[in-house]
Amino acid sequence: MSEQSTDLREAVRRRYAAAAVQVTEGGEAGCGPEPVEADENFGSTRYGADERGTLPAEAVAASLGCGNPIAVAELREGERVLDLGSGGGIDVLLSARRVGPTGRAYGLDMTEEMLALAVANAAKAGATNVEFLKGTIEAIPLPANTVDVVISNCVINLSVDKPAVFAETFRVLRPGGRIGVSDVVADDALTAAQRAECGEDVGCIAGALSFAEYRTGLEAAGFTGVEIVPTHPVADGLHSAIVRATKPAADPDGTVGEATT
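These notes cover the structure that comes with them. Quantities reported herein were computed from a predicted structural model and do not represent experimental measurements.

Structural notes on empty space enclosed by the protein
1) Next: The final tally for this structure, using the stated rule, is 2 cavities of 30 Å³ or more.
2) Next: If you add up the space inside the second largest cavity, you get close to 50 Å³.
3) Next: Around the second largest cavity sit L84, V150, I156, F166, T169, I179, V181, Y214, L218 and V243, which together line it.
4) Next: At the level of elements, α7 (162-172), β5 (173-186) and α9 (211-221) are the ones that each hand at least two residues to the lining of the second largest cavity.
5) Next: Residue classes in the lining of the second largest cavity are distributed as 9 nonpolar, 1 polar and no charged.

Some thoughts on the pairing of strand β7 (residues 224-235)
1) Next: Bridge count for β7 against strand β8 (residues 238-246) is 8 bridges, and the pairing is antiparallel. Each residue of the ladder has a partner; that of H232, found in β8, is S240.
2) Next: Connecting β7 to the next strand, β8, in antiparallel fashion are 2 residues, including G237 with a positive phi near 80°.

Quick look at the packing of aromatic side chains
1) Next: Using the criterion set out here, one finds 2 aromatic pairs in the structure.
2) Next: Measuring from centroid to centroid gives 5.4 Å for F166 and Y214, while their planes differ by 45°, and the two rings are tilted. Linking F166 in helix α7 with Y214 in helix α9, this pair joins segments that are 48 residues apart in sequence. For the residue pair F166 and Y214, the accessibility class agrees, reading buried in each case.
3) Next: Each ring, one from F170 and one from F223, has its centre 5.2 Å from the other, and the planes form 90°; the classification is edge-to-face. In this pair, F170 sits in helix α7 while F223 sits in the loop between α9 and β7, placing the two residues 53 residues apart along the sequence.
4) Next: The ring of F170 carries K247 above its face, with NZ or CZ at 4.8 Å from the centroid.

Quick notes on the rules
- Residues numbered from 1 in each chain as written.
- Predicted model: local features only at pLDDT ≥ 70, side-chain atom pairs only at ≥ 80, totals over all residues.
- Heavy atoms only, no water.
- 1 Å grid on protein atoms, 1.4 Å probe; cavity = no way out; pocket = protein on both sides within 12 Å on 5 of 7 lines; lining within 4 Å.
- Points joined across faces, edges and corners; volume = space filled by probe spheres on them.
- Helix = DSSP H or I, 4+ residues; strand = E, 2+ residues; numbered from the N terminus.
- Nonpolar A, V, L, I, M, F, W, Y, C, P; charged D, E, K, R; others polar.
- Pairing = 2+ DSSP bridges.
- Phe/Tyr/Trp six-rings, centres within 6.5 Å; stacked < 30°, edge-to-face > 60°.
- Buried < 20%, exposed > 50% of the residue type's maximum accessible area, 1.4 Å probe, protein only.
- Lys NZ or Arg CZ within 6 Å of the ring centre and 35° of its normal.

Geometry only, nothing functional implied.
Right under this line is the structure:
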């Protein structure tokens, strides 16, 4: 990893650590500095009141996402789900309820302070089918073919190595598994320099791929059925989007083939 990438990752870690401490001390987290602040496009307002009302207040306050991946992941009883960049645990706790006691929800985060907050929130919620892991989304600490669904909420755009994220996501999914991700995606006509003008690297919209780049990256990792649907604008030329894709199912001989429906 280059020195610049290392510095960027550390900057992201520091910001989210500070957000976790702020929530722990009774405040609310924010996405980043000007010109993009947490507003109705980010955070807990992307969830229904019925969802927010069933969770610990700290889990809701620590929400920094740009969407609600639970609403699009179509989680089923008994499934194993992994949340990339799980933060205070809001999506892990909601996932745990969807998959039920026979399923399991994993949360992955690189920030000690967020992990501590998430573990505390899980205890308050009485969730027993959850597990929080420390690590980066570019090197997921799970074996291959481990989970049925991967979700993420406005975190992949912060990665310093998105091809690695896509490859690792593909690796840990079982054949036939799927992703249901909320992320910030840029118009194809927007240059990298123009995207950078919309926020600093550690803000909620930094590092966004274009629609074409996102699709190409997922397909290069092996995903099929890629679908990227914008939901609402978050800045000029930048959108919160729902991203879906599938890891091809295994053929009878055990090799990975085309996905089945």
